Amino acid sequence: MRLPVLAVFTLFPLLFGPAVHAQAPEGPEPAPAPASETAPTAVPEADAAKLACPDAFRIYSEAAGGDDKALPSVPKTPVTGTPDPAQAAERKEDKITAAQKRLADMIKKSGEKSARTAQAYRLLARDYRDAAQYEDAVKVLETAMRITSKLPKKKSTELGDIQMELAQTYTNKGDRLSALSMYGAARKSFEDAVGPNHPKVALALHNIGKVDLNMTQYQAALEAFRTARSVYEANLPDETSHLVELLIDTASIHARIGNRETGLAFAKEAAALAQEKLGPEHRTTALALHFTGTVNRSMGRSKDALADLGAAMRVYLGNEARTRKRIPEVLDDVSVALVRTGCLDRAIEVQTLSIGHYAALYGENHNRVAAAYHRLGGLYRETGKFTEARAPLFKAASIYEHIFGPNHRRIADVYSDLASSSARIALNSEALRYGFRALRIRTANKQADPEDLRQSYWSLSIVLKQQGNLTAAVAFAKMAVNINQEIRSQNRNLPPEMTRALAGRYRELYEYLANMLIGAGRLQEAQQVLDLIKQQELFDFVRRDANEAQAVEGRAALTPTEADLSAKIMELVEEPISAASEIEALKKKQAEKGLTKEEEALVAMLEQSLSDQFRKQQTAIDTLLAEVENSNREIEREVNKLDLDLVDATQERLKALKGRAVELQIASLDDALHIFLTTERTGIYKEVPVGRKEVAQLVFRAWSSTANRDPEAREHLKRLYDILIKPIEPELKASKAEVLMFNLGGVLRYAPLAALYSGDHYLIQDYAIALSTTAANTRYEALPRERGKAAGFGVTKPHEGFSALPGVADELEAVFDGADTKGFLAGKPLMDERFNSLSMGEALKAKPLYLHVASHFRLVPGDAGNSVLLLGDGRRLSLDEFRKEERFRLTDLDLLTLSACETAGGVDQTGAEIESFASVVQKRGASAVLATLWPIADSSTSLLMAEFYKHFLAAGEDKATALRKAQIAMLKGELKPKGVLTASRSANEMIETPINALSEEPGFQHPYFWSAFILMGNWL
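Within each chain, residues carry numbers counting from 1 in the order of the written sequence. Totals for whole chains, interfaces and linings use all residues, but because this is a predicted model, local features are given only for residues with pLDDT of at least 70 and pairs of side-chain atoms are given and counted only at 80 or more. Processing note: side-chain calculations cover all non-hydrogen atoms of the structure and skip hydrogens and water entirely.

- In the nomenclature of an unreviewed UniProt entry, the protein corresponds to CHAT domain-containing protein from the organism Taklimakanibacter albus.

So this is what it looks like as structure tokens:
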């Protein structure tokens, strides 16, 4: 007997809209909710906008084998027939009665505890499941399981098979936690009976992964899929179909969190495997092509999507007897692909045809018909036709309520879309009514569907904002953020590419809230929300290590009014509505057996009662929201108190610095640049109307022109100065600050701040500069200067993948006493073969104050595991290893200097690796980090490093001032090159170019040579 694998990729409506079904489980089919405004998703640049409408349909039609196959006619007679519920229920009851009789006969013949009796219980359970009597099915399966577990032990999979059936029954009734537990029990039973490499073990793991996925436990799902895959592969070719389905499900995980390129790769692998092993006309091949089409469609690759979907339709039609139910599913996907090429009329035609096929297959009042109407509403919504969307959405809700009663989670999906559609046409009261109905249903399913609950709060926030109730809108957005933080903490160990994709999905919500707070003048709260993003960046960079779990434990701070509103809303939406449960019980009976006239009258009465209770509940919610909106004076007082609490920590830190420094937080959001200047006495906010994309381009041009020693670099640096510094230039001068402590987000972290050009001088000529690392909770204090407590290491020789650094010997000789005893740090550094992990560990045991490392250090965005330091013996020490091993603890270290650091950053990166690296080092015990933004000139580094240590140790300046003076000395030409050649400290190249030919500026005056150095952390 081949046990079914539950199809989880039917549950990704926000990504794919229509569902593809691989041996879908019995029970309600999930409905998609396309293109929801509540969770906006960035659409990639693709061919959708370029593909003309006639060409789009032609591509699909040709792949399908012609128009008649592309748009197959609805059967004139229903495929399955649509008997009335009473007749269908009667046949199911007859089957149950017959199964009960067989069970009774078997008990008489074989006894209560025989294997044959257990089998009779299983057969009865299947009939109960077929009649949707899941509670009865659970009871008889539990009896079968008890009997089987007490039978003499033998190499049989019977117990595991029963547990799989029981787990599927739990899934049918919506009890995912029980299903997960039972699939785990089945796995153990199979392993005990036939060993860990049997296909049934893989099947249990496969289903465990699906349940984990539906509960947003992505890492657990991936681990289960990974193990299942190895077992399937060991049992090829017999398990080819299951392996193809597993690859599709793995693709689904990546696609669900926005990691679509990886998802597409897995989908293509599934299609290629199916075509090779099963043949191009096999129905599983069609399934893989179908899913590949949905991924391509979600990425905006309409041409590829329509070709894949057409090919899938052709194969499905060729296997029509077994795949007739797939035909409307392809039509669903085609309609969405067409609407994204601007073919609304054709898309409506295709989706209407899909509805006809579903109705012919299942009857007019089936949940799949409801899903198709829901999808039709989604097509209208995606093209901005929100008024037209309402009719099919109401139809979908009506069918769902007719089948399931008022509390089913698919109804919540429809209500959520009705809410957002109503809001877009200014029907705000109606939008709130449906939005809160969705919230009530989703609150009851919070443990199983936290993402849906987050989406509800975000959607309601949008509606409340449009209604003008900004206080409540902020509160609901904070609730969404805090649920988001819970989801993050549940997924701490995802692979790097998935952490980045997941963070990308969440970032938009945080920035939405920050924008609202900024618009309301609640600047400190906005800064706190933006810092939550930085905490997540650190956690992602160290690959979600449990030791850094506190990075995702932060929450958006609620004012007392917001906390009270949250509690009261929860109380209202969790309030039981008695009529709802009674209606659901009667609806279930109606589906199973039909209702008497008296029961039909009772349903009508209960529905009226339910309507009255909903109205009463909504009135209470409206009153509560109105009270919040009208409590302006109290709310203003609370907001001021919260803002003061949040700003106090920053200003107390600045006061301890005795007015020498100010903090400059700059956030680049979609439509504007937001600048927050905090001094020890006041906070100042400026908005610059430059959107995120333009900022990224300006930063990249400034970074690349400076790093490439472009003579035109000043022009790009001037443009960046004009948006980052010029708007607050007067306030900075008035503050009389000496040091600018930058708290930057996103691509701004790649900006060469020291070289920002005002038009006649560089920023470093006005201020010393340091980067704040908020995720590390930096302590600002000046530690005693002890030149004897130092350790130095360097690499001069080339190694595989890394160029030689001939200037390192001069650099370390200039910095340390060395042979000439004229350095600024005492001791003799270790170079090349003497520089290894053991010697570094030994040096750190002495707890030095200063650690100077002159070797290649390559930072990889989002991945501490592949960010490496080259040791002198050629070994690569990963930042992950450095972070975790006790011998590399940096206890009492005042400064770590890495004079050959480079990052693979660019305009498409966020710069998170720079700040996250500094936070990691500080959490290991270091007070500050001095590193570089790009591979700098080997010949100039020794001069700048010596000048820095001269001011820092010999003159007793703080680190920021010492670095500033060294940079100014270089830009003024006071530090002269000793020769005409220079080598880049890039890992991959050695550039030998006459220095004076690099730009019009002689010597080392070009900002390439001095502005790459950045100081992070404690600058004192």
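## With respect to the overall build of the protein
- For helices the rule is a DSSP run of H or I covering at least 4 residues; for strands it is a run of E covering at least 2, with both sets numbered from the N terminus onward. The helix and strand inventory of the protein stands at 39 helices and 15 strands.
- Relative accessibility under 20% of the residue-type maximum defines a buried residue, over 50% an exposed one, and the middle range a partly exposed one, all with a 1.4 Å probe and only protein chains included. Within the protein, the proportion of its 1020 residues that are buried is 61%.
- Note that accessible areas follow from Shrake-Rupley with a 1.4 Å probe, and for residues the cover is restricted to the protein chains shown. Of the roughly 38800 Å² of accessible surface on the protein, 50% is carried by carbon and sulfur atoms.

## Comments concerning the nonpolar core
- We define the nonpolar core as a collection of buried residues of types Ala, Val, Leu, Ile, Met, Phe, Trp, Tyr and Cys that are connected through side-chain atoms lying within 4.5 Å of one another. F742 and W1019 are the most contacted members of the largest nonpolar core, which has 129 residues in total.
- When residues no more than four places from it in sequence are discounted, the contact partners of W1019 are L657, R660, A661, V739, M741, A770, Y780, D958, K959 and A960.
- Residues V140, L344, Y358 and Y400 belong to the second largest nonpolar core, which totals 126 residues. For this analysis, residues touch if any pair of their heavy atoms sits within 4.5 Å.

## With respect to the pattern of salt bridges
- Salt bridge criterion: a side-chain nitrogen from Lys or Arg within 4 Å of a carboxyl oxygen from Asp or Glu. Counted by the stated rule, this structure contains 53 salt bridges.
- Between R301 and E261 there is a salt bridge, with the nearest N and O atoms lying 2.7 Å from each other. Pair noted here: R301 is in the loop between α13 (283-298) and α14 (302-318) and E261 is in helix α12 (residues 260-277), with a separation of 40 residues, a long-range link.
- Judged by relative accessible area, R301 falls into the partly exposed class, the value being 26%.
- In this structure E261 comes out as partly exposed when scored by relative accessible area, which is 47%.
- The shortest N-O distance in the salt bridge between D564 and K568 comes to 3.2 Å. Of this pair, D564 and K568 both sit in helix α26 (residues 560-574), four residues apart, roughly one helical turn.
- Relative accessible area serves as the criterion here: at 37%, D564 is assigned to the partly exposed category.

## A few points about the pairing of strand β2 (residues 673-678)
- Of all six residues in β2, six are buried, a share of seventy percent or more.
- By the alternation rule, side chains of β2 split into L673, I675 and L677 and H674, F676 and T678, which are all buried.
- The pairing of strand β1 (residues 661-668) with β2 spans six bridges and is antiparallel. Paired with Q665 across the strands is F676, a residue of β2.
- Relative to strand β3 (residues 683-688), β2 runs antiparallel, the two being bridged by six bridges. Bridge assignment links L677 to a residue of β3, and that residue is I684. Any two strands are treated as partners once DSSP identifies two or more bridges connecting them.

## Considering the packing of helix α11 (residues 240-256) against α12
- Note on method: axes are straight lines fitted to C-alpha atoms, helices fitted across the in-contact stretch only, with angles between N-to-C directions ranging 0 to 180 degrees. Across the interface, α11 lies against α12 with an axial gap of 7 Å and an inter-helix angle of 170°. Classed by the angle they form, the pair α11 and α12 counts as roughly antiparallel. Crossing angle aside, the handedness with which α11 passes α12 is left-handed. Where α11 abuts α12, its residues T240, L243, V244, L247, I248, T250, A251, H254 and A255 lie against R260, T262, G263, F266, A267, E269, A270, L273, A274 and K277. By the definition adopted for this analysis, an angle is roughly parallel if under 35 degrees, roughly antiparallel if over 145, roughly perpendicular if from 65 to 115, and oblique otherwise. What makes a crossing left-handed is the near helix being turned counterclockwise from the far one by less than a right angle; a clockwise turn instead makes it right-handed.

## Considering the state of the cysteines
- By definition, disulfides here are pairs of cysteine sulfur atoms that lie within 2.5 Å. Under the definition given, this model contains one disulfide.
- Each sulfur of the disulfide joining C53 and C343 lies 2.0 Å from the other. Of this pair, C53 sits in helix α2 (residues 53-64) while C343 sits in the loop between α16 (327-339) and α17 (344-362); the two residues are 290 residues apart in sequence, bridging distant segments of the chain.
- The exposure class assigned to C53 is partly exposed, which follows from its relative accessible area of 30%.
- You can call C343 buried: its relative accessible area is 2%.

## Looking at the confidence of the model for the protein
- pLDDT measures how confident the predictor is about each residue, on a scale from 0 to 100. On average, residues of the protein carry a pLDDT of 82, and 81% of them reach 70 or more.
- Between residues 904-908, whose pLDDT stays under 50, and residues either more than four places distant or in other chains, the model counts 14 contacts.
- Across residues 989-1000, confidence stays below pLDDT 50; counting only partners more than four residues off in sequence or on other chains, it has 32 contacts.

## What about the packing of aromatic side chains?
- Only the six-membered ring of Trp is used, alongside the rings of Phe and Tyr, when aromatic pairs are assigned; centres must lie within 6.5 Å, and planes under 30 degrees apart are stacked while those over 60 apart are edge-to-face, with the rest tilted. Tallying each qualifying case throughout the model produces 19 aromatic pairs.
- Ring centres 6.1 Å apart and planes at 25° place the aromatic pair F700 and W703 in the stacked group. Of the two residues, F700 and W703 are both situated in helix α30 (residues 692-707); the distance of three residues between them amounts to about one turn of the helix.
- When its relative accessible area of 29% is taken as the criterion, F700 is described as partly exposed.
- W703 sits in the buried class, given a relative accessible area of 14%.
- Residues Y757 and Y762 carry aromatic rings whose centres are separated by 5.0 Å and whose planes lie at 55° to one another, so their mutual orientation is tilted. In this structure, Y757 and Y762 share a single accessibility class: buried.

## What about the packing of helix α7 (residues 158-172) against helix α8 (residues 176-194)?
- Running from N to C, α7 and α8 point in directions that differ by 165°, and their axes come no closer than 8 Å. One way to sum up the angle between α7 and α8 is to call them roughly antiparallel. Considering the relative orientation of α7 and α8, their crossing is left-handed. In this structure, α7 uses L159, G160, D161, Q163, M164, L166, A167, Q168, Y170 and T171 to contact α8, whose residues at the interface are S178, A179, M182, Y183, A185, A186, S189 and F190.

## As for the environment of S61
- In this fold, S61 is placed in helix α2.
- Residues within four places of S61 in sequence aside, it is in contact with G66, D67 and A70.

## Description of α16
- The end-to-end C-alpha distance of α16 is 19 Å, a good match for the 18 Å that 13 residues give at a rise of 1.5 Å each.
- For α16, a buried count of 13 out of 13 residues is recorded, marking the element as mostly surrounded by other parts of the structure. In a helix, the anticipated span is given by 1.5 Å times the number of residues less one.

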